[in-house]
Amino acid sequence: MERARPRSSPPLVSRTTAVDEPAFAAVFDALPSPRTTWSAPDDALVVGGGAAATLTAEGDDRFAAIRDAATELFESGDVHAGTEAARPRVFGGFAFHEGACDGDPWGPFPEARFVLPRVQLTVADNGAWLTVNAVGADADASAVEDRLAREVERFDTLDRHDSGDAAGSRPPRPGIRESRRTTSREAWRDSVGAAVDRIRDGDLQKVVLAQALEADLAADFPRAPTLERLAEKYPDCHRYWFEPAAGESAFFGATPERLVSLRGRTVETDALAGTTGRGETPSEDEWLAEELLDDEKNVHEHELVAETVRDQLEPFAASISAADRRVRRLATVQHLHTPITAELDADRHVLELVEALHPTPAVGGLLPDRALATIRETEPFDRGWYAAPVGWIDAAGNGAFAVAIRSAVASRRRATLFAGVGVVSDSDPDREWDEVQLKYRPILDELERDGAGGSADS
Ligand SMILES: C=C(O[C@@H]1C=C(C(=O)O)C=C[C@H]1O)C(=O)O
């Protein structure tokens, strides 16, 4: 694992100042790689460029290794943040399991990688803030202040107005020239059928099986415009973009699923599992939602997740409470959703909770080890960071993590999309196939040319 900095080096220096908010695409394009973006309904938007520090780790102890490296990085900071949202945070994610980044398209992705952005724009309720961070040899307060002054001048020249689809100046969606599935319908029927047999034999309770879809793009992938469109369509989702150090690829998505957030001793998490489609009309939507709430198979699939999340939080918690099961309606699907909150019985680091909860049975299965073995034996591709925790950590050990579904790895002319479904004893392979296709939609809709809908379907 890379060390955040040699022990004897100067501390982290961080300086922030208020700026007028530039347009997202202008900032995104102006910042150097590796770029990071993070945004969530209850969180500030962060757009980061470059890396003042990079923490990486491999293997089963990757959560503890990142925690140690972050603790060391934040140990002695000379920080003038101006506002809480701009305090130093490292952003990044983990592989689904050890060895999950071995194959394509995960080559450039370590099994855990977090970055303290060198230059960061934070857009919070109280305005926009520009930050420069430095660690190690660069961590000189006056050099950081000079760099911040230069960045402020540069940001002053950036466009302030989002191009917007309506204005017609945003590049179009790239279009798909050709696409390939990792899993044929036949292979899918076989593997879902085999999983159902194992569940009926009592070997497993649930397993989440996924597919990947590789799409060759007809034009260059429009990075910032894609993120803007996802933000407009999925304002209630966690949206993320992570570039590994080298090369042009990035992992990105818009996920409805929070893994865990920790602030002080207050924990928030979601059980999200059980899926239906969207209707053509509000009353059809309502009908589908009611049917989902009453559907035995989906409720069973959901309750396995909600119970397991509660059980996994139990050892850390002074109290846990779960709200009523409800329907979460998104642009492309509807899910059963149980919001869960807890108060911890002691101070904890958010990564202790991430490690305890990941993978929840919403993306892994039950019992976890058997489900994981089934996933590894069955899926003919590497999950990489798909369905794994992505998010941020601060100096106090607070943080927010989402489950990286509705996601893809994109390079200039290629995108690889991932989507999965929970298999239980009464799963039907063809219905599960259709559900996978629905879950590709958030990303696929941003790749297909307008009017070309459905080109990668069934
Ligand atoms: C695994 C995915 O989604 C998960 C599985 C769900 C289900 O099986 O009903 C619902 C939401 C997510 O927890 C995915 O989107 O790839």
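Residues numbered from 1 in each chain as written. Predicted model: local features only at pLDDT ≥ 70, side-chain atom pairs only at ≥ 80, totals over all residues.

In the nomenclature of an unreviewed UniProt entry, the protein chain corresponds to isochorismate synthase from the organism Halorubrum californiense DSM 19288. One UniProt comment on the protein chain, placed under Catalytic activity (unreviewed entry), says "chorismate = isochorismate". Per UniProt, the protein chain has the following entry under Sequence similarities (unreviewed entry): "Belongs to the isochorismate synthase family." (UniProt positions renumbered as here; feature names shortened; annotations may be inferred.)

Caption draft 1: Summary view of the domain arrangement of the protein chain. For the protein chain, the assigned domains are domain 1 (12-156) and domain 2 (177-447). Taken over C-alpha atoms, the centre of domain 1 sits 25 Å from the centre of domain 2. In this assembly, 42 residues from domain 1 lie in contact with 44 residues from domain 2. At the level of secondary structure, the elements contributing two or more residues to the side of domain 1 that touches domain 2 comprise α1 (24-30), β2 (35-39), α2 (62-74), β5 (89-94) and β6 (112-124). (Domains from an automatic or database assignment. Contact = placed C-beta atoms within 7 Å. Helix = DSSP H or I, 4+ residues; strand = E, 2+ residues; numbered from the N terminus.)

Caption draft 2: Quick peek at the packing of α2 against helix α8 (residues 350-357). Where α2 contacts α8, the two axes come as close as 10 Å, and the packing angle between them is 170°. Relative to α8, the element α2 lies roughly antiparallel. Residues F63, I66 and R67 of α2 form the contact with α8, whose participating residues are L351, V354 and E355. Looking at side-chain class alone, the contact of α2 with α8 contains four nonpolar, no polar and two charged residues. (Axes fitted to C-alpha atoms, helices over the stretch in contact; angles between N-to-C directions. Parallel < 35°, antiparallel > 145°, perpendicular 65-115°, else oblique. Nonpolar A, V, L, I, M, F, W, Y, C, P; charged D, E, K, R; others polar.)

Caption draft 3: How the structure looks around the packing of helix α4 (residues 185-200) against helix α10 (residues 429-447). Contact geometry of α4 with α10 gives a least axis separation of 9 Å together with a crossing angle of 115°. As for how α4 packs across α10, the hand of that crossing is right-handed. Residues R185, W188, R189, V192 and G193 of α4 form the contact with α10, whose participating residues are P429, E432 and W433. Class assignment for the residues of the contact of α4 with α10 results in four nonpolar, one polar and three charged. (Left-handed = near helix turned anticlockwise from the far one by under 90°.)

Caption draft 4: Molecular detail of the site of the ligand. By nearness alone, 18 residues border the ligand, and T275, A362, I405, G420 and G422 come closest of all. Elements represented by at least two residues in the shell around the ligand include exactly β9 (206-217), β13 (266-277) and β21 (414-423). Split by residue class, the shell around the ligand holds ten nonpolar, five polar and three charged. (Near = placed C-beta within 6 Å.)

Caption draft 5: Representation of the pairing of strand β12 (residues 258-263) in the model. Along β12, five of the six residues are buried, which leaves the element largely enclosed by surrounding structure. Relative to strand β19 (residues 399-403), β12 is paired through four bridges, and the arrangement is antiparallel. Paired with L262 across the two strands is G399, which belongs to β19. Summarising the sheet, β12 and β13 pair through three bridges and their orientation is antiparallel. Bridge pairing in β13 links S261 to E268. The loop that links β12 with its antiparallel partner β13 comprises two residues; one of these, G264, has a positive phi angle of about 65°. (Buried ≥ 20, exposed ≤ 12 C-beta atoms within 10 Å, placed from the backbone. Pairing = 2+ DSSP bridges.)

Caption draft 6: Spotlight on the confidence of the model for the protein chain. Residues of the protein chain with pLDDT of at least 70 account for 94%, and the chain-wide mean is 94. Every residue in residues 1-9 scores below 50 in pLDDT, and together they form 20 contacts with partners more than four places removed in sequence or on other chains. When the criterion is pLDDT under 50, residues 453-458 qualifies, and its contacts beyond four places in sequence or with other chains add up to ten contacts. For this predicted complex, the interface confidence score (ipTM) comes to 0.98, while the overall pTM stands at 0.95. (pLDDT = per-residue confidence, 0-100.)

Caption draft 7: Region of interest: the environment of R177. Within the element layout of this structure, R177 appears in strand β8 (residues 176-181). Taking the number of C-beta atoms within 10 Å as the measure of exposure, R177 has 13 and is therefore partly exposed.

Caption draft 8: Examining unusual backbone geometry more closely. The linkage connecting S33 with the following residue, P34, adopts the cis geometry, with an omega of 0°. Looking at the secondary structure, you find P34 in the loop between α1 and β2. Along the chain, D104 connects to P105 via a cis peptide bond; the corresponding omega equals -5°. Residue position: P105 is located in the loop between β5 and β6. Residues other than glycine seldom take positive phi values, yet A387 does so here, at roughly 65°. Relative to the helices and strands, A387 is located in the loop between α9 (368-378) and β18 (389-394). A positive phi angle, near 50°, is found at R406, a position not held by glycine. For R406, the location among the structural elements is in the loop between β19 and β20 (407-410). In this structure R406 comes out as buried when scored by C-beta crowding, with 28 C-beta atoms within 10 Å.

Caption draft 9: Highlighting the pairing of β21. Here β21 lies mainly inside the structure; nine of its ten residues are buried. As judged from the ten bridges shared by β9 and β21, these two strands associate in the antiparallel manner. Residue L209 lies in a different strand from β21, and its bridge partner there is V421. As consecutive antiparallel partners, β20 and β21 are separated by three residues.

Caption draft 10: Structural context of the environment of G397. Structurally, G397 is set in the loop between β18 and β19. Residue class for G397 comes out partly exposed when judged on the 18 C-beta atoms lying within 10 Å of it. Considering only alpha carbons, one finds G397 and S14, 383 residues apart in sequence, at a separation of 18 Å. Look past the residues within four positions of G397 in its chain and what remains in contact with it is R348, H349 and V350.

Caption draft 11: Structural view of the nonpolar core. Formed by 128 residues in total, the largest nonpolar core has its most connected members in W385, A404 and L417. Per element, the largest residue contribution to this core is eight residues, and it comes from β9. Shared between two domains, this core holds at least three residues of each, these being domain 1 (12-156) and domain 2 (177-447). (Core = buried A, V, L, I, M, F, W, Y, C linked by C-beta atoms within 7 Å.)

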